[in-house]
Amino acid sequence: QVLPFPSQVVYNRVGKCGSRTVVLLLRILSEKHGFNLVTSDIHNKTRLTKNEQMELIKNISTAEQPYLFTRHVHFLNFSRFGGDQPVYINIIRDPVNRFLSNYFFRRFGDWRGEQNHMIRTPSMRQEERYLDINVCILENYPECSNPRLFYIIPYFCGQHPRCREPGEWALERAKLNVNENFLLVGILEELEDVLLLLERFLPHYFKDVLSIYKNPEHRKLGNLTVTVKKTVPSPEAIQILYQRMRYEYEFYYYVKEQFHLLKRKFGLKSYIRKPHPRPEFFIPSPLETEEPMDDEEDDEKWLEDIYKR
């Protein structure tokens, strides 16, 4: 049966970018709207062999439609294996903030339970668990240097081995995939606007998502996923992180710019927060979001094209 709206949606969620909050919402929405939410218990295998890709794509493609599949996994090219390319969605956040959230979450978990980090990283030695973040960065520990800091781009670049190498090739391929395969890539710092646009673009999945998100009872659940014991590195350490993550930031600002253009297209204003100080030699400040051109295609026509995929 061919449904009159995108019936295959993949949210290949980036770690520590608000995805647990969104998945909590999706569980409520799937019951409310009757779509098939397909989740995965695999959280630590984002890179797949060719056979693993084929197997996963086969499993996803045969799920009952309409479905929304979600897993921490780098971009999968369904068409490469003869499948129908689904609609992709995702959310990213400021790369340094994402890294810090992950660093402390691996060590100390979140408010859902004081001991859940022990289950997540049971083999972590005490000296590693309590390793000062500044020492990790300034003394170039593997966890705080490349290639481990090159984290967000591979989710959009894909499964090619070069997607894991910090550089222009992976960056440009990630941008291309965002343009060609993702209906929406939002930024966590503007989550309410991300949810508004998802409701507009994919109402069969996300209708009423914002009212659920703003419900006080749901907010209580969301607060349980906040990472605990986070500390802020020194300015010197942050400057080093910026240098090491220059490709991640170039991608982040590219996505942010596209997101702001999309918001303007649909009448949402962007409230520009004062950015964190960044070294001038690193990445130039992102350009102001341009005003939409007068001759841009009609909004409804744009959505119709998505629905014809």
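Residues numbered from 1 in each chain as written. Predicted model: local features only at pLDDT ≥ 70, side-chain atom pairs only at ≥ 80, totals over all residues. Heavy atoms only, no water.

## Let's talk about the overall build of the protein
Regarding its fold elements, the protein presents 15 helices and five strands. Relative to its 309 residues, the protein shows a buried fraction of 50%. Sequence separation of at least 24 residues holds for 76% of the intrachain contacts in the protein that already meet a minimum separation of 6. (Helix = DSSP H or I, 4+ residues; strand = E, 2+ residues; numbered from the N terminus. Buried < 20%, exposed > 50% of the residue type's maximum accessible area, 1.4 Å probe, protein only. Contact = heavy atoms within 4.5 Å.)

## Remarks on the packing of aromatic side chains
All chains considered together, the criterion is met by 16 aromatic pairs. Ring geometry for Phe156 versus Phe251: centroids 5.1 Å apart, planes at 45°, classification tilted. Residue Phe156 is found in helix 7 (residues 154-157), and its partner Phe251 is found in helix 14 (residues 246-265); the two are separated by 95 residues along the sequence. For the pair formed by Phe156 and Phe251, the shared burial category is buried. Ring geometry for Tyr249 versus Tyr252: centroids 6.3 Å apart, planes at 80°, classification edge-to-face. Of this pair, Tyr249 and Tyr252 both sit in helix 14, separated by three residues, roughly a single helical turn. (Phe/Tyr/Trp six-rings, centres within 6.5 Å; stacked < 30°, edge-to-face > 60°.)

## Overview of helix 1 (residues 19-33)
Under the 1.5 Å per step criterion, the end-to-end length of helix 1 is 20 Å for 15 residues, consistent within 8% with the ideal 21 Å. When helix 1 is considered as a whole, its buried residues turn out to be Ser19, Thr21, Val22, Val23, Leu25, Leu26, Leu29 and Ser30. Backbone geometry just downstream of helix 1 places Gly34 in the positive-phi region, at approximately 75°. (Expected span 1.5 Å × (residues − 1).)

## Some words on the state of the cysteines
Applying the stated criterion across every chain, the model contains two disulfides. The disulfide bridge from Cys136 ends at Cys144, spanning 2.0 Å between sulfur atoms. Its S-S torsion of approximately 105° makes the covalent link between Cys136 and Cys144 right-handed. Residue classification places Cys144 among the buried positions, given a relative accessible area of 0%. Note that Cys157 is cross-linked by a disulfide to Cys163, the S-S spacing being 2.0 Å. Taking the sign of the S-S torsion, -70° for the link of Cys157 and Cys163, the bridge is left-handed. Sequence-ordered numbering of the bonded cysteines in the protein yields a pairing of 1-2, 3-4. (Disulfide = S-S within 2.5 Å.)

## Digging into the environment of Ser7
Relative to the elements of secondary structure, Ser7 occurs in the segment before strand 1 (8-11). Sequence spacing of Ser7 and Gln65 is 58 residues, and the spatial spacing of their C-alpha atoms is 5.8 Å. Here Ser7 is in contact with Gln65, Pro66, Tyr67 and Tyr205, once residues within four sequence places are set aside. A polar atom in the side chain of Ser7 sits 2.6 Å from the side chain of Gln65. (Polar contact = N/O pair within 3.5 Å; in protein donor to acceptor, adjacent residues only side chain to side chain.)

## Focus on the packing of helix 8 (residues 168-181) against helix 14
The contact between helix 8 and helix 14 brings their axes to 10 Å, and the two run at 20°. With respect to helix 14, the element helix 8 is oriented roughly parallel. Of the two elements, helix 8 crosses helix 14, and the hand of that crossing is right-handed. Side by side, helix 8 and helix 14 meet where Glu168, Leu171, Ala174, Lys175, Val178 and Asn179 of the first sit next to Tyr247, Glu250, Phe251 and Tyr254 of the second. Looking at the contact of helix 8 with helix 14 residue by residue, the classes come out as six nonpolar, one polar and three charged. (Axes fitted to C-alpha atoms, helices over the stretch in contact; angles between N-to-C directions. Parallel < 35°, antiparallel > 145°, perpendicular 65-115°, else oblique. Left-handed = near helix turned anticlockwise from the far one by under 90°. Nonpolar A, V, L, I, M, F, W, Y, C, P; charged D, E, K, R; others polar.)

By themselves these figures say nothing about function.
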